[in-house]
Amino acid sequence: MVSNKVSDAKLERVLASIAPTTLPMQAFGPGPVEWFERPRPVWAWVQWPHRSAERVACWAHAANDRVVFLRVPCEGGHWEPVVWRNAVRVRRPDER
């Protein structure tokens, strides 16, 4: 007989694999996107479909007057969501 119980560890792995929400291309607006030569350290509010938004330390790779393209570290790699520009702040070197 097979058990239908899901262990807490398995549930955590599944939830950790759910990608953050990202803005659609229509939100980018008419302004050109500037791709940075080097990623910039930032704090960003990232939204998730299954939990509350959270402020995370991540990297900005591109932006325009409306949106910022991020690289958010996660277990086993990274996510690349696009968020509103006002949800992002530059991280100082002394901030973690």
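Reading the values: rules and limits
- Residues numbered from 1 in each chain as written.
- Predicted model: local features only at pLDDT ≥ 70, side-chain atom pairs only at ≥ 80, totals over all residues.
- Heavy atoms only, no water.
- Helix = DSSP H or I, 4+ residues; strand = E, 2+ residues; numbered from the N terminus.
- Buried < 20%, exposed > 50% of the residue type's maximum accessible area, 1.4 Å probe, protein only.
- Contact = heavy atoms within 4.5 Å.
- Areas by Shrake-Rupley, 256 points an atom, 1.4 Å probe, with all protein chains shown as cover.
- Core = buried A, V, L, I, M, F, W, Y, C linked by side-chain atoms within 4.5 Å.
- Polar contact = N/O pair within 3.5 Å; in protein donor to acceptor, adjacent residues only side chain to side chain.
- Phe/Tyr/Trp six-rings, centres within 6.5 Å; stacked < 30°, edge-to-face > 60°.
- Salt bridge = Lys/Arg side-chain N within 4 Å of Asp/Glu carboxyl O.
- Pairing = 2+ DSSP bridges.

A.B. asks: Can you lay out the overall build of the protein for me, pointing to particular residues and giving the numbers?
C.D. replies: Summing up its helical and strand segments, the protein has one helix and six strands in all. Ordered by position from the N terminus, the helices and strands of the protein form the series α-β-β-β-β-β-β. Within the protein, buried positions represent 31% of all 96 residues. Of all intrachain contacts in the protein linking residues separated by at least 6 positions in sequence, the fraction that spans at least 24 positions is 52%. If you sum the accessible surface of the protein, you get close to 7,300 Å²; carbon and sulfur atoms cover 55% of it.

A.B. asks: Hey, could you go over the nonpolar core for me, with residue numbers and the actual values?
C.D. replies: V46, C58, L70, V72 and V88 are the most contacted members of the largest nonpolar core, which has 15 residues in total. At the level of elements, β1 (34-46), β2 (54-63) and β3 (67-74) are the ones that each hand at least two residues to this core. Setting aside its immediate chain neighbours within four residues, C58 contacts R40, P41, V42, A44, L70, R71, V72, P73 and R91.

A.B. asks: Give me the side chain of N64: which residues, what numbers.
C.D. replies: Residue position: N64 is located in the loop between β2 and β3. Within the structure, the side chain of N64 is placed 2.8 Å from the backbone oxygen of F28, a separation counted as a polar contact.

A.B. asks: Now, about the packing of aromatic side chains: what can you tell me, with residues and values included?
C.D. replies: Geometry of an aromatic ring pair is reported as the spacing of the ring centres plus the angle between the planes. Going through the model one piece at a time under the given rule, you end up with two aromatic pairs. Both rings, one in F28 and one in F69, keep their centres 5.2 Å apart while their planes meet at 70 degrees; by these two values the pair is edge-to-face. One end of the pair, F28, is in the loop between α1 (8-16) and β1; the other, F69, is in strand β3, and 41 residues separate them in sequence. For the ring pair W35 and F69, a centre distance of 5.1 Å and an interplane angle of 50 degrees mean the geometry is tilted. Separated by 34 residues along the polypeptide, W35 in strand β1 and F69 in strand β3 bring together distant segments of the chain. Residue class for F69 comes out buried when judged on its relative accessible area of 15%. Taken together through their ring pairs, the aromatic side chains of F28, W35 and F69 make up a single cluster.

A.B. asks: Quick one: what's the story with the pattern of salt bridges, residue by residue and with numbers?
C.D. replies: A side chain of one charge can pair with a side chain of the opposite charge if their charged atoms are brought near each other. Tallying each qualifying case throughout the model produces two salt bridges. Note that R51 and E54 form a salt bridge whose closest N and O atoms lie 2.7 Å from each other.

A.B. asks: Lay out the pairing of β3 with the relevant residues and their values.
C.D. replies: Looking at chain direction, β2 and β3 are connected through four bridges and run antiparallel. Bridging from a neighbouring strand, A63 pairs with V68 of β3. Counting the residues between successive antiparallel strands, the hairpin from β2 to β3 contains three residues. With three bridges joining them, β3 and strand β5 (residues 82-84) adopt antiparallel strand pairing. Among the inter-strand pairings, V68 is bridged to a residue of β5, identified as V83. Summarising the sheet, β3 and strand β4 (residues 77-79) pair through three bridges and their orientation is antiparallel. The residue bridging V72 from the neighbouring strand is W79, located in β4. Hairpin geometry of β3 and β4 is characterised by an intervening segment of two residues between the two adjacent antiparallel strands and by a positive phi of about 85 degrees at G76.

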